[in-house]
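# Chains, contacts and geometry: an overview
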Amino acid sequence: MTRSTDAYYRQHVLPYYRAFESRLGYTALLGRTRHFGWYEPGDSPWRFTAAMRRMEVIAARKLALPPTSSLLDAGCGVGDTARTVARTSGVYVTGIDGIESDIAIARQRAARAGEPGRRTRFLRANYHALPFADASFDGVYTMESFVHSPSPPQGLAEFFRVLRPGGKLVMLEYSSTPQAQLSPQARTALLRVCDLSGMPGLLAMTHGELERLLRRTGFAVESSYDATAKILPMLWAFSALGRLPYALTRSVGCENFLINAMSAVEMYRHQDTWRYTICVATKP
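What counts, and where the lines are drawn
- Residues numbered from 1 in each chain as written.
- Predicted model: local features only at pLDDT ≥ 70, side-chain atom pairs only at ≥ 80, totals over all residues.
- Heavy atoms only, no water.
- Helix = DSSP H or I, 4+ residues; strand = E, 2+ residues; numbered from the N terminus.
- Expected span 1.5 Å × (residues − 1).
- Buried < 20%, exposed > 50% of the residue type's maximum accessible area, 1.4 Å probe, protein only.
- Pairing = 2+ DSSP bridges.
- Disulfide = S-S within 2.5 Å.
- Phe/Tyr/Trp six-rings, centres within 6.5 Å; stacked < 30°, edge-to-face > 60°.
- Contact = heavy atoms within 4.5 Å.
- Axes fitted to C-alpha atoms, helices over the stretch in contact; angles between N-to-C directions.
- Arc of directions from axis to C-beta.
- Salt bridge = Lys/Arg side-chain N within 4 Å of Asp/Glu carboxyl O.
- 1 Å grid on protein atoms, 1.4 Å probe; cavity = no way out; pocket = protein on both sides within 12 Å on 5 of 7 lines; lining within 4 Å.
- Points joined across faces, edges and corners; volume = space filled by probe spheres on them.
- Nonpolar A, V, L, I, M, F, W, Y, C, P; charged D, E, K, R; others polar.

This part covers helix 7 (residues 184–197). An ideal rise of 1.5 Å per residue puts 20 Å on 14 residues; helix 7 measures up with 20 Å between its terminal C-alpha atoms. For helix 7, the complete set of buried residues consists of Ala186, Ala189, Leu190, Arg192, Val193, Cys194 and Ser197.

Have a look at this one:
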């Protein structure tokens, strides 16, 4: 972990996840998992867990690696994605995250599932300075964790380094619209969400920038799929839940206190500010 990325994480990302609203919301609504779900027409927007499991299966299918392959989950949280990917594909997943309490929960959940020492393992680490040798993994994936990167080129360089030749990188991430193309209201909302949530990577990753950086790093980009429509039902549900609390706090000038309610309402209102992309690349 480099000093600059470590400092940014401690000062901006950890406070967001440790905030009372974040801990309460992610626990009560999502079982502490922190990513969007995949919805098909007719799916109830309120079935969060089923949608998240579908998104995790999508990640496994995009990786499309044979059983016994070794994968890195860069930003694993409490390990739900790692367990789904391991169970779905028969692969071995190493999950890393910067939040020690999440790593502890990931290990506990794996133990309850009978997985310790088998298909998953979890370590505290930062993807800007991975504690692994060159060419250690057959695949790497991120699930909405790269938005927190204060240095996307550094993170991608590390992914490239630890991948074996022919290895695959799958990134399920957001991109943003260039600020000059946004209305003042949309631009203000985007900047506030990124600032309060510790997401400099979202501002840096304007549409198409991730693909350009991947190629510059040495990756061959296989596909880039706009999956925004697949996650919108979940964002709508979050915005519906957050609308009243956000309005109340906003009326007394304390809207920044409820970061996630504000983010859900403003990002659903200003859908022109962002996209959700699934990008697949390989290391030649």
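Walk down a regular strand and you will see the side chains alternate between the two sheet faces. For strand 4 (residues 137–143), the tally of buried residues reaches six of seven residues, placing the bulk of the element in the interior. In terms of strand pairing, strand 1 (residues 70–74) meets strand 4 through three bridges, oriented parallel. Among the inter-strand pairings, aspartate 73 is bridged to a residue of strand 4, identified as tyrosine 141. Judged from the six bridges that link them, strand 4 and strand 5 (residues 163–176) form a sheet pairing that is parallel. Bridging from a neighbouring strand, phenylalanine 137 pairs with leucine 163 of strand 5.

All chains considered together, the criterion is met by zero disulfides. The thiol of cysteine 279 is unpaired, and the distance to the nearest cysteine sulfur, on cysteine 194, comes to 19 Å. Relative accessible area serves as the criterion here: at 1%, cysteine 279 is assigned to the buried category.

Bringing the packing of aromatic side chains into the picture now. Evaluation of the coordinates by the stated rule reveals 14 aromatic pairs. Both rings, one in phenylalanine 146 and one in phenylalanine 159, keep their centres 5.9 Å apart while their planes meet at 45°; by these two values the pair is tilted. Pair noted here: phenylalanine 146 is in the loop between strand 4 and helix 6 (152–162) and phenylalanine 159 is in helix 6, with a separation of 13 residues, a long-range link. Of the residues examined, phenylalanine 146 reaches a relative accessible area of 2% and is grouped as buried. Assessed through its relative accessible area of 0%, phenylalanine 159 is described here as buried. Put simply, the rings of Phe36, Trp46, Phe48, Tyr174, Trp236, Phe238 and Tyr276 touch in pairs and so form one group of aromatic residues.

To continue, consider the environment of phenylalanine 159. Measuring from C-alpha to C-alpha, the distance between phenylalanine 159 and tyrosine 141 comes to 8.9 Å, with 18 residues separating the pair along the chain. Residues within four places of phenylalanine 159 in sequence aside, it is in contact with Ala74, Tyr127, Leu130, Val140, Thr142, Phe146, Leu169, Met171 and Phe219.

The next thing to look at is the sheet that holds strand 3 (residues 120–124). Neighbouring strands of a sheet are bound in pairs by backbone hydrogen bonds; such pairs are parallel or else antiparallel. Strand order in the open sheet made by the seven strands is 3-2-1-4-5-7-6, with mixed pairing throughout. Here the strands that pair on one side only, and so sit at the sheet edges, are strand 3 and strand 6 (220–226). Neighbouring strand axes in the sheet, compared pairwise and without regard to direction, differ in orientation by 15° on average. Where strand 2 (residues 92–97) lies against strand 3, five bridges are found, and the strand directions are parallel. In the sheet register, valine 93 faces strand 3, and the bridge partner there is threonine 120. In the packing of helix 3 (residues 48–63) onto the sheet, the strands contacted are strand 1, strand 4, strand 5 and strand 7 (274–282), and the crossing angle to strand 5 comes to about 140°. Strands in contact with helix 9 (residues 209–217) are strand 5, strand 6 and strand 7; relative to strand 7, the strand with the most contacts, it is inclined by about 20°.

Our next topic: helix 2 (residues 20–30). Residues of helix 2 that are buried include every one of Glu21, Ser22, Tyr26 and Leu30, and no others. An end-on view of helix 2 places all buried positions within 115° of arc, on one side of the element. More than 90 degrees from the buried face of helix 2, the exposed residues found are Phe20 and Ala28. One or two residues past the end of helix 2 sits glycine 31, with phi positive at roughly 65°.

Turning next to the pattern of salt bridges. Pairing between side chains of opposite charge can happen when the charged atoms of each approach one another. Scanning all chains against the criterion turns up 18 salt bridges. With its nearest N and O atoms 3.0 Å apart, the salt bridge here joins arginine 164 to aspartate 138. With arginine 164 in strand 5 and aspartate 138 in strand 4, this pair connects stretches of sequence that are 26 residues apart. Looking at arginine 164, the relative accessible area reads 31%, which means it is partly exposed. A salt bridge links glutamate 158 to arginine 161, with the shortest nitrogen-to-oxygen separation between them at 2.9 Å. Of the two residues, glutamate 158 and arginine 161 are both situated in helix 6; the distance of three residues between them amounts to about one turn of the helix. Taking relative accessible area as the criterion, glutamate 158 reaches 13% and is therefore assigned buried. Here the salt bridges do not stand alone but share partners, grouping Arg53, Glu56, Asp80, Arg83 and Arg109 into one network.

Below, the discussion takes up empty space enclosed by the protein. Summed over the entire model, instances satisfying the criterion amount to one cavity of 30 Å³ or more. When its volume is computed, the largest cavity comes out at roughly 390 Å³. Gly75, Cys76, Gly77, Asp97 and Ser145 are, among the 28 residues lining the largest cavity, the residues nearest its centre. Listed by contribution, the elements that provide at least two residues to the lining of the largest cavity are helix 1 (3–18), strand 1, helix 4 (80–89) and strand 2. For the lining of the largest cavity, the class distribution of residues is eleven nonpolar, eleven polar and six charged.

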